[in-house]
Amino acid sequence: MAPPFQRHVFVCTNRRPDGNPKGCCASKGAEEVRTAFREELDKRGMKGRMRANAAGCLDTCSFGVAVVVYPEGTWYGGVKVEDVKEIVEQHLIEGRPVERLLMPFSRKAQQPG
Ligand code: FES
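In short, a report on the structure. Fair warning: this is a prediction, and the values are worked out from it, not measured in the lab. (Residues numbered from 1 in each chain as written. Predicted model: local features only at pLDDT ≥ 70, side-chain atom pairs only at ≥ 80, totals over all residues.)

**Brief notes about the pairing of strand β2 (residues 50–55)**
Stage number 1. With 6 bridges joining them, strand β1 (residues 7–12) and β2 adopt parallel strand pairing. Counterpart to Phe10 in the pairing with β2 is Asn53.
Stage number 2. After leaving β1, the chain enters helix α1 (residues 30–43) and then returns to the sheet as β2, a path that is right-handed. (Pairing = 2+ DSSP bridges. Helix = DSSP H or I, 4+ residues; strand = E, 2+ residues; numbered from the N terminus. Right-handed = clockwise from strand over helix to strand, strands pointing away.)

In structure tokens:
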């Protein structure tokens, strides 16, 4: 059976109380980022082929808003609403990760060899 989605995006929307030293993605606009992914995918008729889901803490809090794209396992950090269109067009549709937003460990994983 084929996987149900061609690309599956998880956006951390975890919220911690104010003052928590770890911070959280919710306080950095994660809900708005998730909504923007859904709207951009809908606009392009990707419903059923690509999906953006809310996720709990992805354990990369200092890089929030944290986003991971499967099946590649590409991790983006510091994602803002204004970055979403670029990720959708360049990565989800054209298959080229947006280098400037990759988390450091994902950057290494993308290099050949
Ligand atoms: S709160 Fe988002 S990665 Fe931990």
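**Digging into α1**
Stage number 1. Helix length check: α1, at 14 residues, gives a terminal C-alpha distance of 20 Å against a target of 20 Å (1.5 Å per residue), a fit within 8%.
Stage number 2. Buried within α1 we find Ala30, Val33, Arg34, Ala36, Phe37, Glu40 and Leu41. The arc that holds every buried residue of α1, seen down its axis, measures 160°, which confines them to one face. Residues of α1 that are exposed and point more than 90 degrees away from the buried face comprise Asp42 and Lys43.
Stage number 3. Residues of α1 that are buried in the fold lie against β1, β2 and α2 (81–93).
Stage number 4. Directly beyond the C-terminal end of α1, a positive phi value near 70° is found at Gly45. (Expected span 1.5 Å × (residues − 1). Buried ≥ 20, exposed ≤ 12 C-beta atoms within 10 Å, placed from the backbone. Arc of directions from axis to C-beta. Contact = placed C-beta atoms within 7 Å.)

**Section: unusual backbone geometry**
Stage number 1. For the peptide bond that leads from Gly64 to Val65, omega is 0°, which places it in the cis range.
Stage number 2. Within the secondary structure, Val65 sits in the loop between β2 and β3 (67–70).
Stage number 3. That bond from Tyr70 to Pro71 is cis: its omega, 20°, falls within 30 degrees of zero.
Stage number 4. Among the structural elements, Pro71 can be located in the loop between β3 and β4 (74–76).
Stage number 5. Its identity as a non-glycine residue notwithstanding, Asp59 has a phi of 65°, on the positive side.
Stage number 6. Within the secondary structure layout, Asp59 lies in the loop between β2 and β3.

**Let's talk about the packing of α1 against α2**
Stage number 1. Between α1 and α2, the least distance of the axes is 9 Å, while the angle of their chain directions is 35°. α2 is crossed by α1, and the crossing has right-handed handedness. On the side of α1, the interface is formed by Glu32, Val33, Ala36, Phe37, Glu40 and Leu41, while α2 contributes Val81, Val84, Lys85 and Val88.
Stage number 2. The class makeup of the residues in the contact of α1 with α2 is 7 nonpolar, no polar and 3 charged. (Axes fitted to C-alpha atoms, helices over the stretch in contact; angles between N-to-C directions. Left-handed = near helix turned anticlockwise from the far one by under 90°. Nonpolar A, V, L, I, M, F, W, Y, C, P; charged D, E, K, R; others polar.)

Remember, this is a structural readout, not a statement about activity or role.
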